Amino acid sequence: MTPTLLGQKIGMTQVFDDEGNVHPVTVLKLGPCQVLQVRTAEKDKYEAVQLGYLDKPRKSATKAERGHVAKVGAEPKRFVREVRLDAPAEHEAGAVLTADIFDGVKAVDIIGTMKGRGYSGTMKRHGFGGLEATHGVQRSHRAPGSIGCSAYPARVIKGRKMNGQYGNTRSTVRNVKVVRLDAEQSLLLVRGGVPGPNGGMVMVRETNRKKSKKA
Amino acid sequence: MSIQPLLAHVQSSSLKSDAPEFQIGDTVDVHVRILEGDKERIQIFTGIVIARRGQGTSENFTVRRIVAGEGVERIFPIHSPKIAKVEIVRRAIVRRAKLYYLRDRIGKQAFRLKERPIEKKKETGRARTRVKARKARQAAAATEEAAAPEKKKRRRKTKKTAGDAES
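Reading the values: rules and limits
- Each chain has its residues counted from 1, running along the sequence as written.
- Throughout, the order in which chains and ligands are written sets their labels, letters from A for the former and numbers from 1 for the latter.
- Selection of residues for local features in this predicted model requires a pLDDT of at least 70, selection of side-chain atom pairs for listing and counting requires 80 or more, and totals for whole chains, interfaces and linings are taken over all residues.
- Side-chain measures were taken over the full set of non-hydrogen atoms in the model, leaving aside hydrogen atoms and water.
- Only DSSP runs of H or I with at least four residues qualify as helices, and only runs of E with at least two residues qualify as strands; both kinds are numbered from the N terminus onward.
- The atom set for the radius of gyration is the C-alpha atoms, and the globule formula is 2.2 Å times the number of residues raised to the power 0.38.
- Throughout, a contact is declared for two residues whenever any of their heavy atoms are within 4.5 Å.
- Using a 1.4 Å probe, accessible areas were evaluated by the Shrake-Rupley method; residue-level cover was limited to the displayed protein chains.
- Positive charges come from Lys and Arg, negative ones from Asp and Glu, while His and the chain ends are left out of the count.
- Working definition for charges: the position is that of NZ of Lys, CZ of Arg, CG of Asp or CD of Glu.
- We treat two strands as partners when DSSP finds at least two bridges between them.
- To get an axis, fit a line to the C-alpha atoms, keeping to the stretch in contact for a helix; angles then go from 0 to 180 degrees between the N-to-C directions.
- Put simply, buried area is the surface a 1.4 Å probe can reach on two separate parts but cannot reach once they are joined, added for both.
- Any carboxyl oxygen of Asp or Glu within 4 Å of a side-chain nitrogen of Lys or Arg constitutes a salt bridge here.
- Side-chain classes are defined by residue name, with Ala, Val, Leu, Ile, Met, Phe, Trp, Tyr, Cys and Pro counting as nonpolar, Asp, Glu, Lys and Arg as charged, and the others, Gly among them, as polar.
- Only buried residues count toward a nonpolar core. Its members are Ala, Val, Leu, Ile, Met, Phe, Trp, Tyr and Cys residues joined through side-chain atoms within 4.5 Å.
- To sort residues, take the accessible area from a 1.4 Å probe on protein chains only and compare it with the maximum for the residue type: under 20% means buried, over 50% means exposed, and anything in between is partly exposed.
- Here a polar contact means two N or O atoms within 3.5 Å. Within protein one must be a hydrogen donor candidate and the other an acceptor candidate, and residues neighboring in sequence count only if both atoms are side-chain atoms.

On to the overall build of chain A. For chain A, the helix and strand inventory stands at three helices and 12 strands. A compact globule built from 215 residues would reach a C-alpha radius of gyration of about 17 Å, whereas chain A, at 22 Å, exceeds it by more than 25%. C-alpha atoms of chain A, sized along the principal axes, occupy 70 × 50 × 40 Å. In chain A, the proportion of contacts linking residues at least 24 apart, taken out of those at least 6 apart, comes to 70%. Summing over all exposed atoms, chain A offers an accessible surface of approximately 13,200 Å²; the carbon and sulfur share of this is 49%. Positive and negative side-chain charges of chain A, numbering 37 and 20 respectively, have mean locations separated by a distance of 13 Å.

Right, let's talk about the sheet that holds strand β5 (residues 83–90) of chain B for a bit. Residue and element names in this part refer to chain B. Read from one edge of the open sheet, five strands run β4-β3-β2-β1-β5, paired in antiparallel fashion. Only two strands of the sheet have a single neighbouring strand rather than two, namely β4 (70–77) and β5. Sheet twist, expressed as the mean angle between neighbouring strand axes with direction ignored, is 40°. One ladder, built from six bridges, connects strand β1 (residues 27–36) with β5; its direction is antiparallel.

In this section: the environment of Gly-54 of chain B. In this structure, Gly-54 of chain B sits in the loop between β2 (39–53) and β3 (60–67). For the pair formed by Gly-54 of chain B and Pro-77 of chain B, sequence separation is 23 residues and the distance between their alpha carbons is 9.3 Å.

Now for the sheet that holds strand β5 (residues 77–84) of chain A. All names here are of chain A. The four strands are arranged β5-β4-β3-β6 in an open sheet whose pairing can be described as antiparallel. With one partner strand each, in any of the chains shown, β5 and β6 (96–97) form the two edges of the open sheet. Bridge count between strand β4 (residues 48–55) and β5: seven bridges; the pairing is antiparallel. Paired with Gln-50 across the strands is Glu-82, a residue of β5.

What follows deals with the interface of chain A and chain B. Contacts between chain A and chain B engage 18 residues on the former and 15 residues on the latter. Overall, the association of chain A and chain B removes approximately 1,300 Å² of surface from exposure, summing both partners, and the carbon and sulfur fraction of that is 66%. Together, Ile-10, Gln-14 and Phe-16 of chain A form the three largest contributors to the area buried by chain A at its contact with chain B, with a combined 39%. Seen at the junction of chain A and chain B, the total is zero salt bridges. For the side of chain A that touches chain B, the elements supplying multiple residues, two or more each, are β1 (4–16), β2 (22–30), β10 (170–182) and β11 (187–191) of chain A. At seven residues, the largest contribution of residues to the side of chain A that touches chain B is made by β1 of chain A. Residue composition of the side of chain A that touches chain B, grouped by class: seven nonpolar, six polar and five charged.

Attention shifts here to the nonpolar core. Residues Val-108, Ile-110, Val-190 and Val-204 of chain A are the most contacted members of the largest nonpolar core, which totals 27 residues. Every residue in contact with Val-204 of chain A, bar those within four places of it in the chain, is listed here: Pro-3, Thr-4, Leu-5, Leu-28, Leu-30, Phe-102, Val-108, Asp-109, Ile-110 and Leu-188 of chain A. Among the nonpolar cores identified, the runner-up in size contains 19 residues, and Val-30, Val-32, Ile-50 and Ile-88 of chain B belong to it.

All names here are of chain A. With respect to the helices and strands, the residue Gln-8 is situated in strand β1. The exposure class of Gln-8 is buried, given its relative accessible area of 18%. Within polar-contact distance, the side chain of Gln-8 engages the side chain of Tyr-53 at 3.1 Å. There is a polar contact of 3.3 Å between the side chain of Gln-8 and the backbone oxygen of Gly-199.

This next bit is on the pattern of salt bridges. All names here are of chain A. With the rule as written, the count across this model stands at 13 salt bridges over all chains. With a shortest N-O distance of 3.3 Å, Asp-109 and Arg-205 are connected by a salt bridge. In this pair, Asp-109 is assigned in strand β7 (residues 107–113) and Arg-205 in strand β12 (residues 201–206), connecting sequence segments 96 residues apart. Residue Asp-109 is classed as buried on the basis of its relative accessible area of 0%. In the salt-bridge network here, residues are joined through shared partners; they are Arg-39, Asp-44 and Glu-82.

Written out as structure tokens, the structure is:
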């Protein structure tokens, strides 16, 4: 299985490498994650493992959650995600995965939930330029401008970028370089930013982006 | 606001245990490691520390000097391995944490700060490095001036640079 773990974004800082160069890094706390369930082709029509990260108090879990984790003798988890596999799972239900499975991994994909920005206009949401600040423009400096043609097609083309809810959605950043792995503290340092607020839940896996010719 | 403990743990490996000590207003020699091909050499940047900001690994300081009548500022990260050492050549009495007002000063005024009456001996060391640096820039002229006493030299130079700025 490609190394995959659930974790939390801790925050950003900067570190120096051996050559004295500065790297802006995001610190991620990964695992330990328990395998709560193994999905198999015979039973579930697909192969996957279900990972759980961070215990939560039993009283704040539903009875269904408690029953589900009781099968592997675990505590209810705050963050549960499935990882799809091509081959039958190597891990049994109840196994605990830790950050050392990322040993030797050079780049990762990080899946998180973006910070919510509420109902946003086109300038913030899609990077539109807006209209002019002057030259007779009135009350529509941040307006999107024209959204289509006229009598033909007499409708707005589907997929038109407009204003609306922005953020608070699943977001993936791919091929993020790993700067350092601290398996002892379950920390992974990756170069650059990661979606979501500090403390937000993330899923990290070895990148599925094909290596470029240079690498 | 205190720093997140895990972030502090991450930073701890990048922090120097023997971080250079100096204060705002000090005139310092910053020894910078420079990699040329596979050879490493040390370059010295001399000037007045006019600001210090940030915390943890991102803590840095600003050094200002006047080169050929033009103000030059460099910002160094305190904990960078590329900073070999920071030598204090002169201390000064200042009443501000940020000496940005020096930017508005021209000529002699630009580096005239009240000196703290300590470490007189290091004055000569500073003069020597100054002369060395100047030699590198303008070989012929500098060698002549090197013979002149240190105090006069500095004044003469500043007058010259002030004149450059005007013209």
